[in-house]
Amino acid sequence: MNDADVSKQIQQMVRFIRQEAEEKANEISVSAEEEFNIEKLQIAEAEKKKIRQDYERKAKQVEVKRKIEYSMQLNASRIKVLQAQDDILTSMKESAGKELVRVSEDKKAYKKLMKDLIVQSLIRLKEPAVLLRCREVDRKLVESVLEEAKKIYADKGFAPPKITIDDRVYLPPPPKGGDSHEPFCSGGVVLASQDGKIVSENTLDARLDVVFRQKLPQIRKHLLG
């Protein structure tokens, strides 16, 4: 083999090596670009997922906050409605209480009422001896109807009771009006057994409380429309 042939073979080998190197380089470049694109896509997806999660978290926070604020507003509105109802009920009861004061102004009607209240309490107690308390201003009135009340009680088939008017402790006086916070009683009586274990509170104020509690559901229903 002469020098020309050797040189030619060498050139062929160089071209082959160069071509193989270029192909290898191209493969490495393509592979690197693919890996880069895959990694870039993974990073982008991870960022998108993070953004979605962050958005969902903030959206949930906003929804929870909205629900809390709505609940608070709803509760505040309910409290205002209940407070308004209570104010109306209190006003109604106070107005009724003021009307009770006028009951004792009609002497004839009040006298009959006191007799009926005493009889009613005697029937409730069914005791042979009772202690009666009244307002000091009503003492004479009570004394004037006591015997008749005992007779009515006895006519119903009960043994005539011994009734003692408490002259040491009286019921509170009539209301003074205005903004006075002192104890008061609009009228009526309180009867108790001698040992004090059984009590019949038959004052006008106590009866108003009973009636008001009984009628309260109907009143609330009327207020709610």
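Residues numbered from 1 in each chain as written. Predicted model: local features only at pLDDT ≥ 70, side-chain atom pairs only at ≥ 80, totals over all residues. Heavy atoms only, no water.

Undergrad: I would appreciate a short explanation of the overall build of the chain in the present structure.
TA: Each helix and strand in the chain was counted, giving four helices and four strands. Start at the N end of the chain and walk to the C end: the helices and strands fall as α-α-β-α-β-β-β-α. A globule of 225 residues ought to have a C-alpha radius of gyration of about 17 Å, yet the chain, at 49 Å, is considerably larger. Taking the principal axes of the C-alpha coordinates as reference, the chain spans close to 165 × 35 × 35 Å. Burial analysis of the chain (225 residues in total) assigns 22% to the buried set. Considering only contacts in the chain between residues 6 or more positions apart, those separated by 24 or more positions represent 70%. Mean positive and mean negative side-chain charge positions of the chain (43 and 38 charges, respectively) differ by 11 Å. (Helix = DSSP H or I, 4+ residues; strand = E, 2+ residues; numbered from the N terminus. Rg over C-alpha atoms; globule rule 2.2 N^0.38 Å. Buried < 20%, exposed > 50% of the residue type's maximum accessible area, 1.4 Å probe, protein only. Contact = heavy atoms within 4.5 Å. Lys, Arg positive; Asp, Glu negative; His and termini not counted. Charge placed at Lys NZ, Arg CZ, Asp CG, Glu CD.)

Undergrad: Can you walk me through helix 3 (residues 139-155) in this structure?
TA: Counting along an α-helix, one turn takes 3.6 residues, and residues three or four places apart therefore face a common direction. Between its first and last C-alpha atoms helix 3 spans 24 Å; for 17 residues at 1.5 Å apiece the expected length is 24 Å, and the two agree. Largest kink in helix 3: about 40 degrees, centred on V145. All buried positions along helix 3 are accounted for by L141, V142, V145, L146, A149, K150 and Y153. Those residues of helix 3 hidden inside the fold are in contact with helix 2 (107-125), strand 1 (129-134), strand 2 (162-165) and strand 3 (188-193). Immediately downstream of helix 3, the backbone of G157 shows phi near 100 degrees, a positive value. (Expected span 1.5 Å × (residues − 1). Bend = angle between axes of the 7 residues up to and from the residue.)

Undergrad: Please explain the packing of aromatic side chains as it appears in this structure.
TA: Two numbers describe a pair of aromatic rings. These are the distance of the centres and the angle of the planes. For the structure on display, the rule yields one aromatic pair. Ring geometry for Y153 versus F158: centroids 4.7 Å apart, planes at 10 degrees, classification stacked. When its relative accessible area of 2% is taken as the criterion, Y153 is described as buried. (Phe/Tyr/Trp six-rings, centres within 6.5 Å; stacked < 30°, edge-to-face > 60°.)

Undergrad: Looking at this model, I keep getting lost on helix 2. Mind explaining?
TA: Compared with an ideal rise of 1.5 Å per residue, which puts 19 residues at 27 Å, helix 2 spans 27 Å between its outermost C-alpha atoms and is within 8% of the ideal. For helix 2, the set of buried residues is Y110, M114, K115, L117, I118, V119, S121, L122 and L125. Of the residues trailing helix 2, K126 is marked for its positive phi of about 55 degrees.

Undergrad: Honestly, the nonpolar core in this entry has me stumped. Any pointers?
TA: Nonpolar side chains in soluble globular proteins tend to be buried together. Formed by 23 residues in total, the largest nonpolar core has its most connected members in I118, L122, L132, V142, L146, V189 and L191. Contributions of two or more residues to this core are made by helix 2, strand 1, helix 3, strand 2, strand 3 and helix 4 (204-224). No other element matches the seven residues that helix 2 contributes to this core. In this structure, V189 is in contact with M114, L117, I118, L132, R133, C134, V142, L171, S200, E201, N202 and T203, ignoring residues within four places of it in sequence. (Core = buried A, V, L, I, M, F, W, Y, C linked by side-chain atoms within 4.5 Å.)

Undergrad: For this particular structure, what's the right way to read the packing of helix 2 against helix 3?
TA: Helix packing geometry: the angle between the two helix axes and the distance between the axes. The geometry of helix 2 relative to helix 3 is characterised by a closest axis approach of 9 Å and an angle of 50 degrees between their N-to-C directions. Comparing the axis directions of helix 2 and helix 3 gives the class oblique. Two packed elements cross with a definite hand, and for helix 2 against helix 3 that hand is right-handed. Side by side, helix 2 and helix 3 meet where Y110, K111, M114, K115, I118, V119, L122 and I123 of the first sit next to L141, V142, S144, V145, L146, E148, A149, I152 and Y153 of the second. Tallied by class, the residues present in the contact of helix 2 with helix 3 amount to 13 nonpolar, one polar and three charged. (Axes fitted to C-alpha atoms, helices over the stretch in contact; angles between N-to-C directions. Parallel < 35°, antiparallel > 145°, perpendicular 65-115°, else oblique. Left-handed = near helix turned anticlockwise from the far one by under 90°. Nonpolar A, V, L, I, M, F, W, Y, C, P; charged D, E, K, R; others polar.)

Undergrad: What am I meant to see in unusual backbone geometry here?
TA: Most peptide bonds take the trans form, and the phi angle of most residues other than glycine is negative. With a phi close to 55 degrees, K126 is a non-glycine residue in the positive phi region. Note on placement: K126 falls in the loop between helix 2 and strand 1. Using a relative accessible area of 48% as the deciding quantity, one classes K126 as partly exposed.

Undergrad: It is not clear to me how the sheet that holds strand 2 should be interpreted in this structure. Could you clarify?
TA: In a beta sheet, neighbouring strands are held together by backbone hydrogen bonds and run either parallel or antiparallel to one another. Taken in spatial order, the four strands line up as 2-1-3-4 in an open sheet, and their pairing is mixed. Every other strand in the sheet has two partners, leaving strand 2 and strand 4 (199-203) as the edge strands with one partner each. Neighbour-to-neighbour, the strand axes of this sheet turn through a mean angle of 20 degrees, independent of strand direction. Pairing analysis gives four bridges linking strand 1 to strand 2, with the strands arranged parallel. Each bridged residue has a counterpart across the sheet, and for A129 the counterpart in strand 2 is K162. Its contacts with the sheet place helix 2 against strand 1, strand 2, strand 3 and strand 4, and it is angled at close to 20 degrees to strand 3. On top of the sheet, helix 3 reaches strand 1, strand 2 and strand 3; it is set at about 175 degrees to strand 2, its chief contact. (Pairing = 2+ DSSP bridges.)

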